[in-house]
Amino acid sequence: GKMGAVQYRGLVESLMRQNADLELARLALQILATWWAGNSQYLFEVARFARGVDWDLDDDLRLMAISALGEYLRDASDFRLLEQLYKIYLDHSSGRLIRETAFRALARAIGRSWQAVPPASRHFDISDRDEAELLVIIERRLASEMAEPK
């Protein structure tokens, strides 16, 4: 993982795509999408896991994928993925942890530092001025990216 032993990429990829051991799948996703900076190479899988897969019963893989999308969008412009994160955040049928993770990912996507993002240890209230302001910025970016010619 953090040692950068990319010669094991095939093995790590196979672990990410299997559902026998969810912790290994989550760790493999983290290695491929964040530690080895291969997020763009695995966007299809990351986006799919962010939507949720039926075998991820505790949403461990989903939470990792949502965070990975936010990190990817810091350096990339992708209306579809930004919209996906925004919809996850707005989905009140998702649990609080999913929505808060999506909110943090959106904050990271627009360039906020970790110090400027509400910590995972604190549940937050969207009525807070900073968090409401962040949503306005995200909505403007979505509108801007939607208007850009492809």
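These numbers come from a predicted model, not from an experiment.

Cut-offs applied
Residues numbered from 1 in each chain as written. Predicted model: local features only at pLDDT ≥ 70, side-chain atom pairs only at ≥ 80, totals over all residues. Heavy atoms only, no water. Phe/Tyr/Trp six-rings, centres within 6.5 Å; stacked < 30°, edge-to-face > 60°. Buried < 20%, exposed > 50% of the residue type's maximum accessible area, 1.4 Å probe, protein only. Helix = DSSP H or I, 4+ residues; strand = E, 2+ residues; numbered from the N terminus. Core = buried A, V, L, I, M, F, W, Y, C linked by side-chain atoms within 4.5 Å.

### Digging into the packing of aromatic side chains
Under the definition given, this model contains two aromatic pairs. Relative to Trp55, the ring of Phe49 lies with its centre 6.1 Å away and its plane at 85 degrees, an arrangement referred to as edge-to-face. Across the pair, exposure class does not vary: Phe49 and Trp55 are buried alike. Pairing Tyr89 with Phe103 gives two aromatic rings, centres 5.3 Å apart and planes at 50 degrees, and the pair type is tilted. In this pair, Tyr89 sits in helix α5 (residues 79-90) while Phe103 sits in helix α6 (residues 96-109), placing the two residues 14 residues apart along the sequence. Note on Tyr89: relative accessible area 4%, which makes it buried.

### Here's the deal with the nonpolar core
Leu29, Val46, Phe49, Leu61 and Ile66 are the most contacted members of the largest nonpolar core, which has 45 residues in total. Elements with a contribution of two residues or more to this core: α1 (9-16), α2 (22-35), α3 (43-51), α4 (60-75), α5, α6 and α7 (129-147). Considering every element that reaches this core, the biggest residue donor is α4, with nine residues.

Without other data, these values stay purely geometric and don't point to any function.
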